[in-house]
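A closer look at the structure
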Amino acid sequence: MSPNSRRRWIYAVSYVVVFHVLLAYGLPAAVFWGLALLAGVAFYRIQPADAVAVAGSLVLVTLAYSLALKVTGIADAIYYRPDEKLSICSDVHGHNAYIPGASVDMLMPHGDLQSMTTVKIGVPHQVTYRIDSYGFRNDATIAARNTCSWGIRS
């Protein structure tokens, strides 16, 4: 392998690493593509060792950030209720659904009515969500039930 070919491989692998780490952050599309373009221009201008250092540093910082969120409990503390934590956009159903097969137990600080009033009526309570294999909130799978439901679509 020639030195130029080796350099190109180093740049390509470093850029792919940076690109995929940026995907993990869930940035808005304009910000993501702007940073991806900026990384591409930067990798065109820097040395191969610097490209590896940039990619490696981004991976290490991301791993440290993820570990800090898990250890401190902040990763789950941002969710008010399981609906936000388990909700995904389902292209199959054309609307939001839950993550199939998920299960979560969490302490909700208060119910929905608390956010509609200034009176302190909220009481913390434990909530359990069990999601079936279709993405619906059921304690058992739909296939295990002996029921049939009919609906009229307008």
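Notes on the structure follow. (Residues numbered from 1 in each chain as written. Predicted model: local features only at pLDDT ≥ 70, side-chain atom pairs only at ≥ 80, totals over all residues. Heavy atoms only, no water.)

**A look at the environment of K120**
Mapped onto the elements, K120 comes out in the loop between strand 3 (103-108) and strand 4 (125-130). Of the residues examined, K120 reaches a relative accessible area of 76% and is grouped as exposed. Spatially, the C-alpha atom of K120 lies 9.6 Å from that of H110, the residues being 10 residues apart in sequence. (Helix = DSSP H or I, 4+ residues; strand = E, 2+ residues; numbered from the N terminus. Buried < 20%, exposed > 50% of the residue type's maximum accessible area, 1.4 Å probe, protein only.)

**A short note on the packing of helix 1 (residues 3-24) against helix 3 (residues 48-72)**
Where helix 1 meets helix 3, the axes come as close as 9 Å, and the angle between the chain directions of the two elements is 20°. One finds that helix 1 runs roughly parallel with respect to helix 3. As for the relative orientation of helix 1 and helix 3, their crossing is left-handed in sense. In this structure, helix 1 contributes R7, I10, Y11, S14, V17, V18 and V21 to the contact, and helix 3 contributes P48, A51, V52, V54, A55, L58, V59 and T62. Of the residues assigned to the contact of helix 1 with helix 3, the class counts are 12 nonpolar, two polar and one charged. (Axes fitted to C-alpha atoms, helices over the stretch in contact; angles between N-to-C directions. Parallel < 35°, antiparallel > 145°, perpendicular 65-115°, else oblique. Left-handed = near helix turned anticlockwise from the far one by under 90°. Contact = heavy atoms within 4.5 Å. Nonpolar A, V, L, I, M, F, W, Y, C, P; charged D, E, K, R; others polar.)

**Looking at helix 2 (residues 29-45)**
For helix 2, with 17 residues, the first-to-last C-alpha span of 24 Å sits near the 24 Å given by 1.5 Å per residue. Considering only its buried residues, helix 2 is in contact with helix 1 and helix 3. (Expected span 1.5 Å × (residues − 1).)

**Considerations on helix 3**
Every α-helix carries 3.6 residues per turn, so stepping three or four residues along brings you back to the same face. Taking 1.5 Å per residue, 25 residues should reach 36 Å; helix 3 reaches 36 Å between its end C-alpha atoms and fits that length. Buried residues of helix 3: P48, A51, A55 and T62, and no others. Contacts made by the buried residues of helix 3 are with helix 1 and helix 2.

**Comments concerning a nonpolar patch on the surface**
On the surface, Y25, L27, V31, L35, L38, V61 and Y65 cluster together into a nonpolar patch covering about 610 Å² of accessible area. At the level of elements, helix 2 and helix 3 are the ones that each hand at least two residues to the nonpolar patch. Among the elements that make up the nonpolar patch, the one with the highest residue count is helix 2 (three residues). (Patch = residues over 30% accessible without salt bridge, like charges linked within 9 Å, V, L, I, M, F, W, Y side chains within 5 Å. Areas by Shrake-Rupley, 256 points an atom, 1.4 Å probe, with all protein chains shown as cover. Salt bridge = Lys/Arg side-chain N within 4 Å of Asp/Glu carboxyl O.)

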